[in-house]
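Next come the chains, spelled out residue by residue.
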Amino acid sequence: MEKPLTVLGIETSCDETAAAVLRLDESGPRVLSDIVLGQAAQHAPYKGVVPEIAARAHVEGLDGVIAAAMRGANLGFADLDGVAATAGPGLIGGVMVGLLAGKAIALAHDKPLIAVNHLEGHALSPRLAGPGATFPYLLLLVSGGHCQFIAVHEVGIYRRYGSTMDDALGEAFDKLAKLLELGFPGGPLVEKAAQTGDSTRFALPRPLLGREGCDFSFAGLKTACAREVERLGALTQQDKADLCASFQAAVLDIVADRTRNAMRLFDPVWGAKGRLVAAGGVAANAAIRARLEALAAERGYDFIAPPLRWCTDNAAMIALAGAERLRLGFSDDLSFPARPRWPLDDEAVRLRPSHKPGRKGAKA
Ligand code: KG4
Ligand code: ZN
């Protein structure tokens, strides 16, 4: 690598307004600043993320968050080598706010824009923490909107092995929390309640367990929880804790079973000792991390997951994805659209010379 690359990352695809500055050189990425402004309080009364409230909150918060990230890095915009902004997938109003801000900074300061796929940010996030996550690795990406296994061959080359057929895992956690009136965001609250619950009290289904492939399905599990709630009527704290514990036990069995099958697909890619990487908000769950770690040890894999603050949405991972793309010579045109849907496998397409949404070596 000729010279270090310093990139501002902007993330606004869901309910975190985030900006970070990262420097990438031969020794790897170094996060110079990392600011996340959560919106949980604004969404809590609605027990879920309200897209319009999210977009408005991004508009109100983003300037200050970017200024804080630049101040934290002790840099001016002129010192940047590029501006990376999430361009999707996500809630379109929020994505537009962050992408437009990124475009404006890139244009005003004559810097390249890198339109980043949010999923690529999560996919590369374990590399923020140190040199452990070297390519290739098997990625379990589990967040509020996504639940998939991806073979990460290198930056820009991703192959999806399986996805959810209905709900994402984070969504299933959030829906259970809503059903039990635990509060918002649901995942951490379900995890906490599960710690004091009896995981054997409710016999919940484990959809697709023992079946071929590594797709997921959580709809049946969610419906079974709803049926138990209906049957019990008024719920005690202990009922709630037991249901959370039983739900989480089912999730652990499903995740372990599906991961075992994904490893069978990944083994021929890697051959010797593989690496299993978990990323996305649900990867913050200690019980899931522990189960994956045990499975990895059993199968001779290394297990790597980012520190908790880089599991949930953040801009350091967007800055990293942007810097890596910039290093490869890619930047994007200012006309790059906000994409509410954008499968990660498309990234491989973006790297093919015959396909030109990314301009090699171009300044936006
Ligand atoms: O990656 P993320 O911050 O946003 C998306 O891109 O979706 O993930 C948020 C999701 C939410 O569904 C949240 O409930 C879940 O991750 N989550 C958890 C935990 N922490 C966050 N789920 C289970 N256990 C947790 N500790
Ligand atoms: Zn995310």
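In case you missed it, the structure is sitting above this.
Residues numbered from 1 in each chain as written. Chains lettered and ligands numbered in written order. Predicted model: local features only at pLDDT ≥ 70, side-chain atom pairs only at ≥ 80, totals over all residues. Heavy atoms only, no water.

**Focus on unusual backbone geometry**
And then number 1: Cis geometry marks the peptide bond from G88 to P89; its omega dihedral reads -10 degrees.
And then number 2: Of note, P89 is situated in the loop between β4 (82–88) and α3 (92–108).
And then number 3: Look at the link from F184 to P185: it is a cis peptide, with omega at -5 degrees.
And then number 4: With respect to the helices, strands and loops of the structure, P185 is situated in the loop between α5 (169–179) and α6 (186–194).
And then number 5: Located in the positive-phi region is E181, a residue other than glycine, with phi close to 50 degrees. (Helix = DSSP H or I, 4+ residues; strand = E, 2+ residues; numbered from the N terminus.)

**Description of the environment of Q42**
And then number 1: Assignment of secondary structure puts Q42 in helix α1 (residues 40–43).
And then number 2: Overall, the relative accessible area of 36% leaves Q42 in the partly exposed class.
And then number 3: With 222 residues separating them along the chain, Q42 and R264 place their C-alpha atoms 43 Å apart. (Buried < 20%, exposed > 50% of the residue type's maximum accessible area, 1.4 Å probe, protein only.)

**Some points on the site of ligand 1**
And then number 1: Neighbouring ligand 1 are 19 residues; G144, D174, G187, E191 and D313 lie closest to it.
And then number 2: Taking S143, its side chain carries an N or O atom lying 3.5 Å from an oxygen atom of ligand 1.
And then number 3: Within the backbone of D313, one N or O atom sits 2.9 Å away from an oxygen atom of ligand 1.
And then number 4: Protein chains shield 90% of the accessible area of ligand 1, which is 550 Å² for the free molecule.
And then number 5: Contributions of two or more residues to the shell around ligand 1 are made by α4 (118–124), α5 and α6.
And then number 6: Taken together, the residues of the shell around ligand 1 sort by class into five nonpolar, eleven polar and three charged. (Near = heavy atom within 4 Å. Polar contact = N/O pair within 3.5 Å; in protein donor to acceptor, adjacent residues only side chain to side chain. Areas by Shrake-Rupley, 256 points an atom, 1.4 Å probe, with all protein chains shown as cover. Nonpolar A, V, L, I, M, F, W, Y, C, P; charged D, E, K, R; others polar.)

**Quick notes on the packing of aromatic side chains**
Two aromatic rings, taken as a pair, are described by how far apart their centres are and by the angle between their planes.
And then number 1: The final tally for this structure, using the stated rule, is six aromatic pairs.
And then number 2: Arranged with centres 5.7 Å apart and planes meeting at 20 degrees, the rings of F216 and F218 form a pair that is stacked.
And then number 3: Here F216 falls in the buried class, since its relative accessible area comes to 0%.
And then number 4: Taking the centre distance of 6.3 Å and the plane angle of 50 degrees together, the rings of F266 and Y301 count as tilted. Remark: Y301 occurs in the loop between α9 (286–299) and β10 (302–304) and F266 occurs in helix α8 (residues 237–270); sequence separation between them is 35 residues. Across this residue pair, the class does not change: F266 and Y301 are buried.
And then number 5: Taken together, the ring pairs in this structure connect F149, F216 and F218 into an aromatic cluster.
And then number 6: Between the NZ or CZ atom of R309 and the centre of the ring of W310, over which it lies, the distance is 4.0 Å. (Phe/Tyr/Trp six-rings, centres within 6.5 Å; stacked < 30°, edge-to-face > 60°. Lys NZ or Arg CZ within 6 Å of the ring centre and 35° of its normal.)

**What about the sheet that holds strand β6 (residues 137–142)?**
And then number 1: Overall, mixed pairing links the five strands, which are arranged β8-β7-β6-β9-β10 in an open sheet. Two strands in the sheet have a free side with no partner beyond their single neighbour: β8 (157–163) and β10. Neighbouring strand axes in the sheet, compared pairwise and without regard to direction, differ in orientation by 25 degrees on average.
And then number 2: Relative to strand β7 (residues 147–154), β6 runs antiparallel, the two sharing six bridges. Counted as the bridge partner of L139 is I150 from β7.
And then number 3: Relative to the sheet, α8 contacts β6, β7, β8 and β9 (275–279), its axis offset from that of β6 by approximately 150 degrees. (Pairing = 2+ DSSP bridges. Axes fitted to C-alpha atoms, helices over the stretch in contact; angles between N-to-C directions. Contact = heavy atoms within 4.5 Å.)

**A few points about the coordination of the zinc ion (ligand 2)**
Expected angles at a metal are 109.5 degrees for tetrahedral coordination by four donors and either 90 or 180 degrees for octahedral coordination by six donors.
And then number 1: Protein coordination of the zinc ion (ligand 2) is provided by H118 (NE2), H122 (NE2) and D313 (OD), with donor distances spanning 2.0 to 2.1 Å.
And then number 2: Here the zinc ion (ligand 2) binds four donor atoms, and the angle range of 93 to 144 degrees at the metal identifies the geometry as irregular.
And then number 3: Given the relative accessible area of 1%, H122 is considered buried.
And then number 4: For D313, a relative accessible area of 14% translates into the label buried. (Donors = N, O, S within 2.8 Å, 3.2 Å for Na, K, Ca; no water. Tetrahedral: all angles 85-135°; square planar, octahedral: opposite > 155°, others 65-115°.)

**Side note on the packing of α5 against α6**
And then number 1: Where α5 contacts α6, the two axes come as close as 8 Å, and the packing angle between them is 70 degrees. When the axes of α5 and α6 are compared, the pair comes out roughly perpendicular. Residues F173, D174, L176 and A177 of α5 lie in contact with α6, whose contacting residues are G186, G187 and V190.
And then number 2: Looking at side-chain class alone, the contact of α5 with α6 contains four nonpolar, two polar and one charged residues. (Parallel < 35°, antiparallel > 145°, perpendicular 65-115°, else oblique.)

**Here's the deal with α3**
And then number 1: Here α3 contains 17 residues, and its C-alpha end-to-end distance of 24 Å stays within 8% of the 24 Å for a straight helix at 1.5 Å per residue.
And then number 2: Buried residues in α3 make contact with β1 (5–11), α2 (51–73), β4 and β5 (113–117).
And then number 3: Backbone geometry just downstream of α3 places D110 in the positive-phi region, at approximately 55 degrees. (Expected span 1.5 Å × (residues − 1).)

**Here we look at the environment of A41**
And then number 1: Along the polypeptide, A41 turns up in helix α1.
And then number 2: On the basis of relative accessible area, A41 is assigned to the exposed category, the value being 65%.
And then number 3: For the pair A41 and R299, spaced 258 residues apart in sequence, the C-alpha to C-alpha distance is 42 Å.

**Side note on the packing of α6 against α8**
And then number 1: In the contact formed by α6 and α8, the axes pass within 7 Å of each other and the chain directions differ by 105 degrees. When the interaxial angle is binned, α6 and α8 end up roughly perpendicular. Across the interface between the two elements, V190, E191, A193 and A194 of α6 pack against A241, C244, A245, F247 and Q248 of α8.
And then number 2: Per-class residue counts for the contact of α6 with α8 are seven nonpolar, one polar and one charged.

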